[in-house]
Structure formats: structure tokens, C-alpha cells
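Here is what each chain is made of, one letter per residue.
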Amino acid sequence: MLDGLVSGSVALIAGAPPDLTLRLGLAMTMLQLGIGTVNDVVDAPADAGRKAGKPIPSGLVASRRAVILAGILFAGGASLALSVSPAIGGLAVIVVGIGLAYDLRLKGTAWSWLPFAIGIPILPVFGWLGATGGLVPAFAILLPAAVAAGAGLAIGNALVDVERDRAAGLSSVAIVLGPTRSAAVAAGLFGAVGLAATASALATNRPLLLVGALAIVGLVPVGASLAATSVASARRERAWQVEAIGTAALGTIWLALMIQGGLGA
């Protein structure tokens, strides 16, 4: 849902009318819900007895019905995307491919960070390209930063389940790096993104008050990732959610400031 909100917010910043903004945001939301549903189906055997709150291992939802639901979500999201343009329809297919690569192949391996690093930059592209049919110079700075942010979010996500993954015989980037180093690497990636955002806002002569606010928002995922090493698994999940929300807010505010600063021409 957060991914859909990011794509919709970017579309609004690009000047999309409400109906187009809604289609883009809802399309991305449905695609991501489908990916998350498949993820729960794949994880169900490992989650049994370890994640009682999840609907499939708890018996609330049958795996077969979850697979059907995922298919409906993918079809609905792709159809909405195609209604915007063929390019957005194609991008929707790419989003699903990246998500399924994570769910079916890369999750539980040391390469689990890669789909995040590739997929997160697509969110603003989806919104802006859908709204305008092209991209602006600001994306030359935003996209590399989004790759770093995606990698940081992937590490934080892996850190949440590090004990359960070990118990289930799975691997992840957090297991390879270790919890302390994982948190430090994630914090470094988020810090680099925050510095890039602050520096570019200063370079485009944005008001110092806004630049300061942007810098503060950039510190939120850094602090959350560092705090994740000293808390239990349930609280690490909350820390990761703070990382995700903080990163989404940083990217959206940053793009808006860059556009106002003249990088939208």
C-alpha cells in the first residue's frame, strides 16, 4: 500500500489529474498486494509454528485461494496500468516479474536485496511516466539514490527475520553480513541517500527551512536501522516499517523540492 501511495504521490507532483493519480496509485497497490500474497504462499511452510499471526499458517486462508487472489490482483493492476498507456502496462509486467523473482527464487538467498534495489526506483518512474509520458532531469539523481534506498530496505527487511531464517535453514543478506554489520550497512545506505537529498536541495537554492526539514526526514530511516540491532524481532519489524515510511517520505518530498528548484524542465 505504501508503494502505491508513493507512485500516486509522484503522479500528483507531476501534475496528474485525480482520476489518473488514482489509477496509477491503485494499479501499483494491486501489483504489490499480489506480490505480497505470493510471498506469503511461498513462506507458509517456513512460517508454520513461527509466524502464527500470518493468515495462511494460521489456517485463516488456504494457499490455493491465496494463489487465485494473487492472479486477480495481478490482472487488475496490469489492466489499470495498461489503461494509462502501453508503457505503463509494460512497466507493470516488469514490476510483477521483479516481485516474483524475489518470491520464487531470490528470497532466502544472499541476493534477496537485488529485487528491492531494482524495484524501488520503479515506483517514482511509474508515477511520473504515467502522469507525463516522460521523465525529467531530477531522475538522474533520484534513481541512483532509490537503488541505494532499496538495498537498505532489503537489508532491514532481512534483519527482521534473521533468527527465523536461520531456524528454517534459509539464507539472506542479513545472515551473511550478521545483524550488527547489516544494520550498519543499511544505516550507511540511508545516510548516503539523505546526504544526496540535502545536498541537491541546497544546490537548487531551496529555502533553508525546507532543506533542514528534509535532512531531518532523512535521519528517520538511519535511526530506525541502527535501533533495530538492540530490539526483539517484533520490534525490528516496526523499525523496518519506520525505515520504509521514512524513505518514502524522503523521496517524495525530495522530488517535489527538486522540481520546484528547476530540475523538472
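Located above this text is the structure these notes cover.
Below: a short report on this structure. Because the structure is predicted, anything quoted here is derived from the model rather than measured.

Here is what the cut-offs are and how they apply
- Residues numbered from 1 in each chain as written.
- Predicted model: local features only at pLDDT ≥ 70, side-chain atom pairs only at ≥ 80, totals over all residues.
- Heavy atoms only, no water.
- Helix = DSSP H or I, 4+ residues; strand = E, 2+ residues; numbered from the N terminus.
- Expected span 1.5 Å × (residues − 1).
- Buried < 20%, exposed > 50% of the residue type's maximum accessible area, 1.4 Å probe, protein only.
- Core = buried A, V, L, I, M, F, W, Y, C linked by side-chain atoms within 4.5 Å.
- Contact = heavy atoms within 4.5 Å.
- Salt bridge = Lys/Arg side-chain N within 4 Å of Asp/Glu carboxyl O.

## Overview of helix α1 (residues 2–13)
Over its twelve residues, α1 runs 16 Å from end to end, which matches the ideal 16 Å to within 8%, given 1.5 Å per residue. Taken residue by residue, α1 has Gly4, Val6, Ser7, Gly8, Val10 and Ala11 as its buried positions. Phi turns positive, to about 95 degrees, at glycine 15, one or two residues after α1.

## What about the nonpolar core?
Formed by 63 residues in total, the largest nonpolar core has its most connected members in Phe126, Phe139, Val193, Leu214, Trp254 and Leu255. No other element matches helix α7 (residues 139–160), which puts eleven residues into this core. Setting aside residues up to four positions removed in sequence, valine 193 forms contacts with Ala145, Ala148, Ala149, Leu250 and Trp254.

## Side note on the environment of alanine 149
Locating alanine 149 in the fold gives a position in helix α7. You can call alanine 149 buried: its relative accessible area is 3%. The sequence separation of alanine 149 and lysine 107 amounts to 42 residues, and the corresponding C-alpha distance is 18 Å. What alanine 149 contacts, discounting residues up to four positions off in sequence, is Phe190, Val193 and Thr247.

## Description of the pattern of salt bridges
Applying the stated rule across the entire model yields three salt bridges. A salt bridge links aspartate 40 to lysine 54, with the shortest nitrogen-to-oxygen separation between them at 3.0 Å. A residue pair is termed long-range when its members are at least 10 positions apart, and aspartate 40 in helix α2 (residues 18–47) and lysine 54 in the loop between α2 and α3 (63–84) qualify at 14 residues. With a relative accessible area of 18%, aspartate 40 lands in the buried category. You can call lysine 54 buried: its relative accessible area is 19%. Among the ionic pairs, glutamate 163 bridges to arginine 236, the shortest N-O distance being 2.3 Å. With glutamate 163 in helix α8 (residues 162–167) and arginine 236 in helix α12 (residues 233–263), the pair connects residues that are 73 residues apart, well separated along the chain.

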